[in-house]
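A closer look at the structure
So you can see what is in the structure, the chains are spelled out below.
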Amino acid sequence: MNRIRLLPENVANQIAAGEVVERPASVVKELVENALDAQATSIHVEIQAGGRSLIRITDDGIGMSKDDALMCLERHATSKIQRAEDLASIRTMGFRGEAMPSIASISRFSLTTRERESEAVDGTQIIINGGKILEVKAAGCAPGTSIEVRQLFYNLPARRKFLRAEETERAHIQHYVTLAALARPDVAFTLVHNGRLLWQYPAVTGDSKLLALGERLRALYGGDLELLEVDFTGTLPQAREVMEDEPEVDSTFRLWGFIGAPGVSRSTREDQNVFVNQRPVENRGLNHALMEGYHNSLMKGRFPVCCLFLEVDPAEVDVNIHPAKREVKFHRERQVRQLVTQAVRETLLNYHTGIGKRPEAKPAAKPEPVVPQAEQKHLSLPAPTGTQPAPKLSVPVPSKPIADWPVERSVAGVQQSKQPEIAKSLEPSAKTTSPATSSAPLITPLAGVQPPVAPSTQPTGPRPLLSVPLRLVGVIGRLYVVLESDKGLVLLDQHAAHERILYEQMLQRLESGPAPSQRLLLPETVELPPRDAQFVRDQLGSLNKLGVGLSEFGDRTFLLDALPPFVKVKDTRRFALELVDAMKAVGQGINTMRLGEDMIAKTVCRHAVKANDPLREAELQNLVEDLRRCTMPYTCPHGRPTLIEMSYKELEKKFGRTQ
């Protein structure tokens, strides 16, 4: 007897099911994707016992004839691709033709369907038990398709016992349906668990995708978190290496959606939703690009909040690298990563300068979705106002020569006294003025000012905090500057604010030319693994421009003999190794400025004013003025906030004046 033989069809289907169906949420994913490919405008998802006992997906799509309904239960039967060349440009959610027979082989399966454009009154119903067709009959039904999956894994007890608790499986299903609802705001979704309506969202139609996404985000999460609108269009450059029969052409790239404003972050990536051509995906490169875009606007250990849609030519992305289509691979990964980073960075820069787009309040005329209160989360999102990208910013280069890089501890041109008799209180002085405040200052001195502005009752568009007049009140704890705006109370961290000012000043000096180097008394040798050595060898030019004297000293050995003057480290070899790690994290698109940012961020902390350093009124005024001139003034180089605002509404609520 031959030892190698063909597997029975039901065994092959069960093996395929093990790759495609991990848990009930996998079944929901495959069936909802089929419904979306069938042009459904409404999808109803009903589950029982977390999907263990029942999963029912009902849609109003184009439906199937009797012959198509029977054919879809065969392995590798699909209407979405015809040739091998079609795999290079997938435009549908599903394409393999394995989901339906795999699911039917491990459950008690029922399919009821009727073609949308058919004149027949009856549809077709097929009943399958463990992969065996029991009955095919006519059945009355509405146009579309309804699929019931009962007792999942009933004939695979080993797989069934590894399912988690009912609530855990329900949460996985709800998470996927949430992603599908975000990906397709134009489709109505309903989710029912154990006969209880979890949520129901109507379809959001309109010409603006951003507006529709904003409506769906509000329906899903509520509205307490500040998000920024992203709408970025670029071009993927020609690939360096292409096949002989493949022409070199540029590809259009678009990234749109919403990202969290500075200060809006999470301790995990759970609130990062990324879609590629409306497909929810996981891609490590996109995660790194998002973090790189935020860069020093995030604290260490925190992750951005986002809902982003990346649109590229389907030929630029491979969705066939994972059995469950969860991961994708880009043909031009480095270019895609650079464009995502640029889009996020420009959005944050525009927000800091007040020209970024932040959405308005939701129109009252829109119907509210039916959402049980217990299922709501809180996420703030005003509606978008436009889709044109804001202009790119440029930072003026200071006239101060780069040789003057050693930074003195000064605040906005007012030299801080180094004598022990430094001012111990913040007394108002009407005579003290500063050249920095001579042109329309936005911070009002303590002396001779008008009473505080009453809270405005007229709805106005959101404005950056530093673009409104601020009145200096005082300092508490010798660290936090108390200011008053037309909206309420503002607290400024003088150390974080001065860090941001010094940081951008040093970056501007770095832009003006190559950084100076300071020779080491004892050069260090740094030996690297082969891959790291080649990477560093390619980046020696950028390192030398930064002032890092690193040169080849062998096959895998480098000689470190100089550092920039603003870098003060005891272990220079360890510094070089950490610098290599930082370079690898940034990727191949590294440049001198990006390396300089990390090094300067670690340096300015020593030069900035400290918590117990008292500042005079003029110094505080100039501190705010210089902060206004920064490109990203609302976070320090380490990602901590420089300003915190508490509105009059929040104050009144804390004092019990409002509910």
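Residues numbered from 1 in each chain as written. Predicted model: local features only at pLDDT ≥ 70, side-chain atom pairs only at ≥ 80, totals over all residues. Heavy atoms only, no water.

1. Concerning the overall build of the protein chain
Of regular secondary structure, the protein chain possesses 16 helices and 27 strands. Taking contacts inside the protein chain between residues at least 6 apart in sequence as the whole, the part at least 24 apart equals 74%. Here the protein chain has roughly 33,400 Å² of accessible surface; of this, 51% comes from carbon and sulfur atoms. (Helix = DSSP H or I, 4+ residues; strand = E, 2+ residues; numbered from the N terminus. Contact = heavy atoms within 4.5 Å. Areas by Shrake-Rupley, 256 points an atom, 1.4 Å probe, with all protein chains shown as cover.)

2. A word on the pairing of strand S25 (residues 549-552)
One ladder, built from four bridges, connects S25 with strand S26 (residues 557-563); its direction is antiparallel. The partner of Gly-549 across the bridge, within S26, is Ala-562. Once S25 ends, the chain turns through four residues before running back antiparallel as S26, passing Gly-554 with a positive phi of about 155°. (Pairing = 2+ DSSP bridges.)

3. Quick word on the sheet that holds S26
Strand order in the open sheet formed by three strands is S24-S26-S25, with antiparallel pairing between adjacent strands. Whereas interior strands pair on both sides, the edge strands pair on one side only; in this sheet they are strand S24 (518-527) and S25. Shown here is a sheet whose adjacent strand axes are inclined to one another by a mean of 20°, direction ignored. (Axes fitted to C-alpha atoms, helices over the stretch in contact; angles between N-to-C directions.)

4. Remarks on the pattern of salt bridges
The final tally for this structure, using the stated rule, is 27 salt bridges. With a shortest N-O distance of 4.0 Å, Lys-137 and Glu-135 are connected by a salt bridge. Given a relative accessible area of 36%, Glu-135 falls into the partly exposed group. One salt-bridge network, held together by shared partners, links Glu-46, Arg-56, Glu-148 and Arg-150. (Salt bridge = Lys/Arg side-chain N within 4 Å of Asp/Glu carboxyl O. Buried < 20%, exposed > 50% of the residue type's maximum accessible area, 1.4 Å probe, protein only.)

5. Regarding the packing of helix H6 (residues 166-183) against helix H7 (residues 209-221)
The interhelical angle for the contact between H6 and H7, taken along N-to-C directions, is 155°, at an axis separation of 9 Å. When the axis of H6 is compared with that of H7, the two are roughly antiparallel. Between H6, through Thr-178, Ala-181 and Leu-182, and H7, the contact on the second element is made entirely by Leu-213, Arg-216, Leu-217, Leu-220 and Tyr-221. (Parallel < 35°, antiparallel > 145°, perpendicular 65-115°, else oblique.)

6. Some words on the nonpolar core
The biggest cluster of nonpolar side chains holds 117 residues, and the ones touching the most others in it are Val-32, Ile-43, Phe-109, Phe-189, Phe-253 and Leu-310. Setting aside residues up to four positions removed in sequence, Phe-189 forms contacts with Val-32, Leu-36, Ile-43, Val-177, Ala-180, Ala-181, Arg-184, Trp-199, Gln-200, Tyr-201 and Arg-216. (Core = buried A, V, L, I, M, F, W, Y, C linked by side-chain atoms within 4.5 Å.)

7. Description of a negative patch on the surface
Taken together, the side chains of Asp-67, Asp-68, Glu-115 and Glu-117 make up a negatively charged region of the molecular surface. Within the secondary structure, Glu-115 sits in the loop between strand S3 (108-114) and strand S4 (122-129). (Patch = residues over 30% accessible without salt bridge, like charges linked within 9 Å, V, L, I, M, F, W, Y side chains within 5 Å. Lys, Arg positive; Asp, Glu negative; His and termini not counted. Charge placed at Lys NZ, Arg CZ, Asp CG, Glu CD.)

8. Concerning the side chain of Asp-626
Within the fold, Asp-626 resides in helix H15 (residues 617-628). Side-chain polar atoms of Asp-626 contact the side chain of Arg-629, separated by 2.7 Å. (Polar contact = N/O pair within 3.5 Å; in protein donor to acceptor, adjacent residues only side chain to side chain.)

9. Section: the pairing of strand S9 (residues 227-236)
Where burial is concerned, most of S9 is hidden: eight out of the 10 residues are buried. Pairing geometry for S9 and strand S10 (residues 251-260), over 10 bridges, is antiparallel. Note on S10: the bridge partner recorded for Leu-228 is Ile-259.

10. Comments concerning empty space enclosed by the protein
Under the criterion given, the structure shown has four cavities of 30 Å³ or more. One number sums up the size of the second largest cavity: a volume of about 60 Å³. Forming the walls of the second largest cavity are Leu-255, Val-274, Phe-275, Leu-286, Leu-290, Leu-308, Phe-309, Leu-310 and Val-340. Those elements giving two or more residues to the lining of the second largest cavity turn out to be strand S12 (272-276), helix H8 (284-294) and strand S15 (306-311). With three residues, S15 is the largest single contributor of residues to the lining of the second largest cavity. (1 Å grid on protein atoms, 1.4 Å probe; cavity = no way out; pocket = protein on both sides within 12 Å on 5 of 7 lines; lining within 4 Å. Points joined across faces, edges and corners; volume = space filled by probe spheres on them.)

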